[in-house]
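What follows is each chain in one-letter form.
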Amino acid sequence: LLDTIHVGQWGTFLTTKRLTETSAALELEVHIENSSLSNADIEVVTRIYEIDSMGSRTGDAVGVFPAASVSVVSGGNIKSVQSILLDKPKLWGPPPRRFPTYTWLLPPCF
């Protein structure tokens, strides 16, 4: 069922609302599409990782958004918006630092 429920193309937006050397306020917007024939309840789980110059994750997540429960109607879409505050964020370079965001759509009570 979950293969027909997915994050829309270009459907993840991560915005830094406030940034200092001691903290970063982040807002995440995820657009979810349901092309199945059934309504669906899902959990949206998102984590932010740091990667090295070769593109490999360097360890545990540096940011974890709380799981969000959403209901998506058949043939519909929905937007999930969440915020977190990171302590002591690593600021952009040098060297350049990259922080990919991974989002999973899971059945409830994973």
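Preceding block: the structure.
I will try to describe carefully the structure that is included in this document.

Considerations on the overall build of the protein
Here is step 1 of the chain: Broken down by element type, the protein carries 0 helices and 6 strands.
Here is step 2 of the chain: The helix and strand sequence of the protein, counted from the amino end, reads β-β-β-β-β-β.
Here is step 3 of the chain: Seen through its C-alpha atoms, the protein measures out along the principal axes to roughly 50 × 30 × 25 Å.
Here is step 4 of the chain: A buried classification covers 31% of the 110 residues belonging to the protein.
Here is step 5 of the chain: Sequence-distant contacts in the protein: of pairs separated by 6 or more residues, those separated by 24 or more amount to 68%.
Here is step 6 of the chain: Accessible surface, the protein as shown: approximately 7100 Å² in total, 54% of it carbon and sulfur.

Comments concerning unusual backbone geometry
Trans is the prevailing form of peptide bonds, just as negative phi is the prevailing case for residues other than glycine.
Here is step 1 of the chain: One non-glycine residue, Trp10, adopts positive backbone phi at about 60 degrees.
Here is step 2 of the chain: Tracing the chain through its elements places Trp10 in strand S1 (residues 5-19).
Here is step 3 of the chain: A residue is classified by how much of its surface remains accessible, and Trp10, at 73% relative accessible area, is exposed.
Here is step 4 of the chain: For Lys88, which is not glycine, the phi dihedral falls at a positive 50 degrees.

Things to note about the sheet that holds strand S3 (residues 40-48)
Here is step 1 of the chain: With antiparallel pairing, 3 strands are arranged side by side in an open sheet as S4-S3-S6. Looking along the sheet, the strands with just one partner apiece sit at the ends: strand S4 (63-72) and strand S6 (101-106). Averaged over neighbouring strand pairs, the angle between their axes works out to 20 degrees when direction is ignored.
Here is step 2 of the chain: Bridge count between S3 and S6: 6 bridges; the pairing is antiparallel. Across the sheet, the residue bridging to Ile48 is Thr101, located in S6.

A word on the sheet that holds strand S2 (residues 23-34)
Here is step 1 of the chain: Read across the open sheet, the 3 strands follow the order S1-S2-S5; overall the sheet is antiparallel. The open sheet has two edge strands, S1 and strand S5 (77-87), and neither has a second partner. Adjacent strand axes in the sheet meet at a mean angle of 15 degrees when their direction is disregarded.
Here is step 2 of the chain: The pairing of S1 with S2 spans 10 bridges and is antiparallel. Paired with Leu19 across the two strands is Ala24, which belongs to S2.

Section: the environment of Ser35
Here is step 1 of the chain: Structurally, the position occupied by Ser35 is in the loop between S2 and S3.
Here is step 2 of the chain: Separated by 32 residues in the primary sequence, Ser35 and Asp3 place their C-alpha atoms 9.1 Å from one another.
Here is step 3 of the chain: Excluding residues that lie within four positions of it along the chain, Ser35 makes contacts with Thr4 and His6.

Reading the values: rules and limits
Starting afresh in each chain, residues are numbered from 1 along the sequence in its written order. Where local features are concerned, this predicted model is filtered to residues with pLDDT of at least 70; where side-chain atom pairs are given and counted, the filter is 80 or more; whole-chain, interface and lining totals use all residues. Side-chain measures were taken over the full set of non-hydrogen atoms in the model, leaving aside hydrogen atoms and water. Secondary structure elements are taken from DSSP: a helix is a run of H or I of four residues or more, a strand is a run of E of two residues or more, and numbering for both begins at the N terminus. When a residue's accessible area, from a 1.4 Å probe over protein chains only, is under 20% of the maximum for its type it is buried; when over 50% it is exposed; and in between it is partly exposed. Contact between two residues is taken to exist if any of their heavy atoms lie within 4.5 Å; hydrogens are not considered. Per-residue and other accessible areas were derived by the Shrake-Rupley procedure at a 1.4 Å probe size, with only the shown protein chains allowed to occlude residues. Strand pairing is assigned whenever DSSP detects at least two bridges linking the two strands. To get an axis, a line is fitted to the C-alpha atoms, and for a helix only the part in contact is used. The angle between two axes follows their N-to-C directions and goes from 0 to 180 degrees.

By themselves, these figures tell us nothing about what the structure is for.
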